[in-house]
Amino acid sequence: MPNTVFSINGPVVKVRNTRDFSMMEMVFVGHKRLIGEVIGITDQATTIQVYESTTELKPGEPVEGSGAPLSVTLGPGLLTNIYDGIERPLLDIAARSGAFIGEGVSVSPVDLSKKYEVTLTVHPGDRVEEGAVYATCPETPAIVHKCMLAPGLSGEIISAEPDGEYTVNDVVACLRTDDGREVPLTLLQKWPIRTPRPVSRRLPIERPLITGQRVIDTLVPIAKGGTAAIPGGFGTGKTMTQHQLAKWCDADIIVYIGCGERGNEMTQVLEEFRELIDPKSGRAMTDRTILIANTSNMPVAAREASIYTGITLAEYYRDMGYHVAIMADSTSRWAEALREISGRLEEMPAEEGFPAYLPSRLAEFYERAGYMVNLNGSEGSVTIIGAVSPQGSDFSEPVTQNTKRFVRAFWALDKSLAYARHYPAINWTTSYSEYLDELAPYYRERYGEEFLECRQRISNILAEEARLMEIVKLIGADVLPEDQKLVIETARLIRVGFLQQNAFHADDTYVPLEKQLGMMQVILYFYDSAMKLAKSGVPVSLITKTGISDDIIKLKYNVPNNQLEKLQEYYPLIDRKLSEVK
Amino acid sequence: MSVQILGLKEINGPLVVLDGVKDVGYDEMAELSLDNGTHRTARVVQIDGDRVVLQVFEGTNALSLGNTRTSFRGHPMELPLSPELLGRIFNGAGAPIDGLGPVFAEKREDINGHPLNPVSREYPLNYIRTGISSIDALVTLIRGQKLPIFSGSGMNHNKLAAQIVKQAQISEDKGEKFAVVFAAMGVKNDVADYFKRQFEESGVLERVVMFLNLSSDPIIERILTPRCALTAAEYLAYELNMHILVILTDMTSYAEALREFSSSKGEIPGRKGYPGYLYSDLASIYERAGIVKGVGGSVTQIPILTMPNDDITHPVPDLTGYITEGQIVLDRALDQSGVYPPVSVLPSLSRLMKDGIGEGYTRADHPDVANQLFSSYAKVQDARALASVIGEEELSDADKAYLEFGRMFEKYFLNQGFDDNRTIEETLDLGWDLLSMLKKEELDRLDGKLIDRYYNPQRAERFKTQG
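Criteria and thresholds
Residues numbered from 1 in each chain as written. Chains lettered and ligands numbered in written order. Predicted model: local features only at pLDDT ≥ 70, side-chain atom pairs only at ≥ 80, totals over all residues. Helix = DSSP H or I, 4+ residues; strand = E, 2+ residues; numbered from the N terminus. Rg over C-alpha atoms; globule rule 2.2 N^0.38 Å. Buried ≥ 20, exposed ≤ 12 C-beta atoms within 10 Å, placed from the backbone. Contact = placed C-beta atoms within 7 Å. Pairing = 2+ DSSP bridges. Axes fitted to C-alpha atoms, helices over the stretch in contact; angles between N-to-C directions. Nonpolar A, V, L, I, M, F, W, Y, C, P; charged D, E, K, R; others polar. Core = buried A, V, L, I, M, F, W, Y, C linked by C-beta atoms within 7 Å. pLDDT = per-residue confidence, 0-100. Domains from an automatic or database assignment. Parallel < 35°, antiparallel > 145°, perpendicular 65-115°, else oblique. Left-handed = near helix turned anticlockwise from the far one by under 90°. Expected span 1.5 Å × (residues − 1). Bend = angle between axes of the 7 residues up to and from the residue.

### Points about the overall build of chain A
Part 1 of the argument: Along its length, chain A carries 16 helices and 26 strands.
Part 2 of the argument: Taking 2.2 N^0.38 as the reference for a compact globule, 582 residues should give roughly 25 Å; the C-alpha atoms of chain A span a radius of gyration of 27 Å, in line with that estimate.
Part 3 of the argument: In terms of overall dimensions, chain A has a C-alpha envelope of 95 × 55 × 40 Å along the principal axes.
Part 4 of the argument: Split into buried and exposed, the 582 residues of chain A put 54% on the buried side.
Part 5 of the argument: Considering only contacts within chain A whose residues lie at least 6 apart along the sequence, 70% involve residues at least 24 apart.

### Some details on the overall build of chain B
Part 1 of the argument: When you go through chain B residue by residue, the secondary structure sums to 14 helices and 19 strands.
Part 2 of the argument: Over its C-alpha trace chain B gives a radius of gyration of 25 Å, about what one expects of a compact globule, namely 23 Å for 467 residues.
Part 3 of the argument: If one aligns the C-alpha atoms of chain B with their principal axes, the spans along those axes are about 80 × 50 × 40 Å.
Part 4 of the argument: The proportion of buried residues among the 467 residues of chain B is 53%.
Part 5 of the argument: Here the analysis covers contacts within chain B between residues at least 6 apart in sequence; of these, 72% occur between residues at least 24 apart.

### Description of the interface of chain A and chain B
Part 1 of the argument: Taken together, the contact between chain A and chain B spans 59 residues of the former and 59 residues of the latter.
Part 2 of the argument: Taken together, the elements giving at least two residues each to the side of chain A that touches chain B come down to β1 (5-9), α1 (90-97), α4 (263-275), α6 (331-344), α11 (450-475) and α15 (548-558) of chain A.
Part 3 of the argument: The dominant element in the side of chain A that touches chain B, judged by the number of residues it contributes, is α4(A), at seven residues.
Part 4 of the argument: In the sheet, β1(A) pairs with strand β5 (residues 39-48) of chain B via two bridges, with the strands oriented antiparallel. Bridging from a neighbouring strand, I8(A) pairs with I47(B) of β5(B).

### Section: the packing of helix α10 (residues 436-447) of chain A against α11(A)
All names here are of chain A.
Part 1 of the argument: The interhelical angle for the contact between α10 and α11, taken along N-to-C directions, is 115°, at an axis separation of 7 Å. The residues of α11 that touch α10, namely those facing A440, Y443, R444 and Y447, are E450, F451 and L452.
Part 2 of the argument: The class makeup of the residues in the contact of α10 with α11 is five nonpolar, no polar and two charged.

### Observations regarding the sheet that holds strand β12 (residues 143-148) of chain A
Residue and element names in this part refer to chain A.
Part 1 of the argument: Overall, antiparallel pairing links the four strands, which are arranged β12-β11-β9-β14 in an open sheet. With partners counted over all chains shown, the strands left at the sheet margins are β12 and β14 (164-166), one partner each. The average angle at which neighbouring strand axes cross in this sheet is 40°, direction not considered.
Part 2 of the argument: By the bridge criterion, two bridges tie strand β9 (residues 116-120) to strand β11 (residues 133-140) in an arrangement that is antiparallel.

### Considerations on the environment of P390(A)
Residue and element names in this part refer to chain A.
Part 1 of the argument: With respect to the element layout, P390 can be found in the loop between β24 (379-388) and α8 (398-406).
Part 2 of the argument: Exposure remark for P390: the 25 C-beta atoms within 10 Å place this residue in the buried category.
Part 3 of the argument: Excluding residues that lie within four positions of it along the chain, P390 makes contacts with P231, G233, F395, E397, V399 and T400.

### Let's talk about the nonpolar core
Part 1 of the argument: Residues V255(A), I326(A) and A232(B) are the most contacted members of the largest nonpolar core, which totals 318 residues.
Part 2 of the argument: Looking at which element gives the most residues to this core, the answer is helix α4 (residues 219-238) of chain B, with 13 residues.
Part 3 of the argument: Apart from the residues within four sequence positions on either side, V255(A) is in contact with I290(A), I292(A), G310(A), L313(A), A314(A), V324(A) and I326(A).

### Points about the sheet that holds strand β13 (residues 155-160) of chain A
The strands making up a sheet associate through backbone hydrogen bonding, with each pair oriented either parallel or antiparallel.
Residue and element names in this part refer to chain A.
Part 1 of the argument: Taken in spatial order, the four strands make up an open sheet running β10-β13-β15-β16, and their pairing is antiparallel. Whereas interior strands pair on both sides, the edge strands pair on one side only; in this sheet they are β10 (127-128) and β16 (182-185).
Part 2 of the argument: Judged from the five bridges that link them, β13 and strand β15 (residues 173-177) form a sheet pairing that is antiparallel. Within β15, the residue paired with A160 across the bridge is A173.

### A short note on the pairing of β16(A)
Residue and element names in this part refer to chain A.
Part 1 of the argument: Note that β15 and β16 share four bridges and pair antiparallel. Counterpart to A173 in the pairing with β16 is L185.
Part 2 of the argument: Taking the residues that link successive antiparallel strands as the turn, the β15-β16 hairpin has four residues, and the phi of G180 there is positive, at about 90°.

### Structural notes on the pairing of β11(A)
Part 1 of the argument: Pairing of β11(A) with β12(A), which is carried by six bridges, proceeds in the antiparallel orientation. Residue pairing across strands places V133(A) opposite M148(A), the latter belonging to β12(A).

### Considering unusual backbone geometry
Residues and elements named next belong to chain A.
Part 1 of the argument: Here the amide bond leading from D329 into S330 is cis, since omega sits at 5°, within 30 degrees of zero.
Part 2 of the argument: As for its position among the elements, S330 is in the loop between β22 (323-329) and α6.
Part 3 of the argument: Following Y423, the chain continues into P424 via a peptide bond in cis, with omega recorded as -10°.
Part 4 of the argument: Position of P424 relative to the elements: it lies in the loop between α9 (415-419) and β26 (432-433).
Part 5 of the argument: With a phi close to 55°, R33 is a non-glycine residue in the positive phi region.
Part 6 of the argument: For R33, the position within the fold is in the loop between β3 (25-29) and β4 (34-41).
Part 7 of the argument: For R33, a count of 17 C-beta atoms within 10 Å translates into the label partly exposed.

### Details of the confidence of the model for chain B
Residues and elements named next belong to chain B.
Part 1 of the argument: Per-chain confidence: chain B averages 90 in pLDDT, with 98% of residues scoring 70 or above.
Part 2 of the argument: Summarising per-element confidence for chain B, the mean pLDDT is lowest in helix α14 (residues 461-466) (72) and highest in strand β13 (residues 149-151) (96).
Part 3 of the argument: On the interface metric, ipTM, the complex scores 0.83, and its pTM is 0.89.

### With respect to the domain arrangement of chain B
Part 1 of the argument: Parsing chain B into structural domains produces domain 1 (4-76), domain 2 (79-351) and domain 3 (366-466).
Part 2 of the argument: Across the contact, eleven residues belong to domain 1 of chain B and nine residues belong to domain 2 of chain B.

### Re the packing of α4(B) against helix α5 (residues 251-264) of chain B
Residue and element names in this part refer to chain B.
Part 1 of the argument: Interaxial distance between α4 and α5 falls to 9 Å at its minimum, and their mutual angle equals 130°. By the angle between their directions, the pair α4 and α5 is classed as oblique. Between α4 and α5 lies a crossing of left-handed hand. Contacts between α4 and α5 pair I219, I220, R222, I223 and P226 from the former with S253, Y254, A257, L258, E260 and F261 from the latter.
Part 2 of the argument: Grouping the constituent residues of the contact of α4 with α5 by class yields eight nonpolar, one polar and two charged.

### A few points about α4(B)
Part 1 of the argument: In this model, α4(B) (20 residues) spans 29 Å end to end at C-alpha, consistent with the 28 Å of a helix rising 1.5 Å per residue.
Part 2 of the argument: Its maximal kink placed at T225(B), α4(B) deviates by approximately 30°, while the proline P226(B) follows within four residues.

### Considerations on the environment of G258(A)
All names here are of chain A.
Part 1 of the argument: With respect to the secondary-structure elements, G258 resides in strand β20 (residues 253-259).
Part 2 of the argument: Owing to 32 C-beta atoms within 10 Å, G258 belongs among the buried residues under this scheme.
Part 3 of the argument: Along the sequence, G258 and K485 sit 227 residues apart, while their C-alpha atoms lie 45 Å from each other.
Part 4 of the argument: If we skip the residues at most four places from it in the chain, G258 touches E265, M266, I292, A293, N294, T295 and D329.

### Thoughts on helix α6 (residues 278-286) of chain B
Think of an α-helix as 3.6 residues a turn; residues three or four steps apart then line up on the same face.
Part 1 of the argument: Burial within α6(B) is extensive, with nine of its nine residues counted as buried.
Part 2 of the argument: Along α6(B), the positions that sit buried rather than exposed are L278(B), Y279(B), S280(B), D281(B), L282(B), A283(B), S284(B), I285(B) and Y286(B).
Part 3 of the argument: Close packing links the buried residues of α6(B) with α5 (300-319) and α6 of chain A together with α4, α5, β17 (298-306) and α7 (315-323) of chain B.

In structure tokens form, the structure reads like this:
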């Protein structure tokens, strides 16, 4: 007897009296063949969450199993593409159903007709293990795609086609497994999204993910293979920060997940990335990017899946030996999707209506990050940077608090900084990074002790300012002694001249570590020189009157990234201007 | 019409349950005929085999288990669409209430709409001049944007919305057609009248489509009101190539209706009793703003919401802010000191303005001036905080200058009349006049060239003589 729909409640559909489905199996629901996933089984009813709108679905319509868990297709053609939460290419959907997304559209995630220039890396008779690369092809001008044996497959190659042009479904080689099965190898493989792809082992974290954003690289760095959260109320610049990181961080591949966010923002990412040039490869940013856009008005169940789809794609490229960074904007929307579906299932809610399994789901997600030795021996990493949108800008809410337990870098965005248009509005006192100690050897190797020392002094001055401002708020700045006034003035230079960074300025939008160090040195040189004057009783107001503060603040614009020697001009300038005082 | 089903199984608030129903789709519409000859409309909200739960739009008063017959229409709720919509007035569920008879439909559309594919969206770039300095300069409205007004009870958000409608249409040129879709959800009768009168006075009434769900009307209709309005807006924008400004007021009443409905269904509540899907639900409304590639029209939304107890962290403004592209926040203190419009500058924001202002759009110096005004006004707040502790006399000269700047900024820049329609040049020049009150060194967001060109302490003289 064919299985049919029994009950419908929003995206949750139930089928009665069947033993045909397995947990997490992907199913097709109704005449429109809506995509769904089995999320609960009892002997009476199988519960399915449907990834598309169930409007007009009727009881009695057929439900058909696919025999496999919800999986993504992996192969060349993923890069430069834009997908919805269950890996359906939005461009092809637009071509099929017009500007508005219809239901039951079934399209292949990758272009099936495109021919790739494939080079075979195995020969008949080769013994190959799981994860081994058997063919490569240039996927985009910047990235070479490596086709790997799916985990679990190993054996002997019994035939291999010559190098040449193949589509993704062409068989390029054939494998005989140890138990004697013959497996034709194409350029594609499938992987279930909720299962992490296996690796050989985890490596300790020791390399930073350079972002070119001063406040991050210097004060609260993130490591390759690390995890970071960006919590912030609306309007504090979460999305801007994510965009900046996606554009400039030194990962090889970016997976950008727009999870339950604004449609116009995704359009902006699309347009901007197409025009932007990656400084490393000299190619368009889109060549190294996969976008997943499940905007807030798209079906909520697919929003829940989008995070897993994204991380699975990321792991696939990690297996090829690339460094991948995932931007998930925003994980709160994903948590809300969990809550929404949990509510439909009438599960017992925990805090604020979120299901009790929220922390374990968050942990599962963030633990898929890491710096790994892959099955094929190559090294790659997945770095996760998740935005969090706390309700009412209250960091004590469950998503922020639970996320905090599973990430090691925490970049707290601050409303008052954003109101003063201080961007990026990362609060330097409440943010932290646990990666500092692990990354210290890297900085030490490149820049000696200098970088870390400067960093420590900068953060001390900021901490000192925070302490002094408590006093200033009560009694005004005038009563402070001159040396403390200088601390406040220097902290202002650090805030405005160093921490503030202009994403729209050609040179300031990305700043290499060398310049970051140089800027710190100039500011600290000013601080030390001026401190001598201040200690000898020279009023700080006279020092600021020379306009030297202004010069230092504008340094970020006036020293281009490729002319760092100009930094040296600031030392005599500071000496000269300070000698005018007295 | 298909089979009629006699009687009901269960009545619970706005919901009724029917047994033995076959071949009914999720979200399908139904009609309940009472024995006394009246009709009510309902929608399928849940199906369990042959047991179907319906929500009745007009409420379940006078329904009994025996006195109704239910028939199903075989399709979800649709709105009849035609160019004749313009100038008409409908109730919250899309039925005409102006006595001019039904709309002759050229086509019908599901009011829930379909999500707009992100790849088919065009990124909004063209700014809409509202003639209001605080908005044009600091929270620029862009065509295709959703920019809500966060207000509180008793503040004049309606007046502001009416002024935006009145002045925004004037900047329309190049033969582009402009129309307003107005959706009132749970507003007082007087407020609906006020808007009607304002539309009449500014001569746009024949280009307005009104959907009115007053505070005494059924809450289920209130949940449909914005969807009907946006379906009409999308039709006018994407099929008739018009530029549509949608005013949705008051979104708080809408969310409360949703909460009432959700609790009557026995759903598990989220924060403050609002359903867990409030975010997705609000998004399904707000995300219907935008521009479609290759189509002439656009849908711009100005939702108005009153923050209960002026609390911006209340779930409705909070979730709205996460979906919309910025917000215009009104401030009670400014309102009480007689400043109109009482736009609270610092928490207000337009996310799309950065790409729609400056050279080629407004004026080259616009981004920097806006930035500097924000930054200087933020310092005004610091100075005020300090002054409230140590007294104004004890402040440093720089802080005193900021206090003065703040006063003049509020008096001349923020404050403007209901009929005062300022050009963008006037607004930006006014900004420079005010910035010229400050010392040159204080202007840390402006580069030297701009300062040389515009900065001139003489410009600020007039504030001193009047100050």
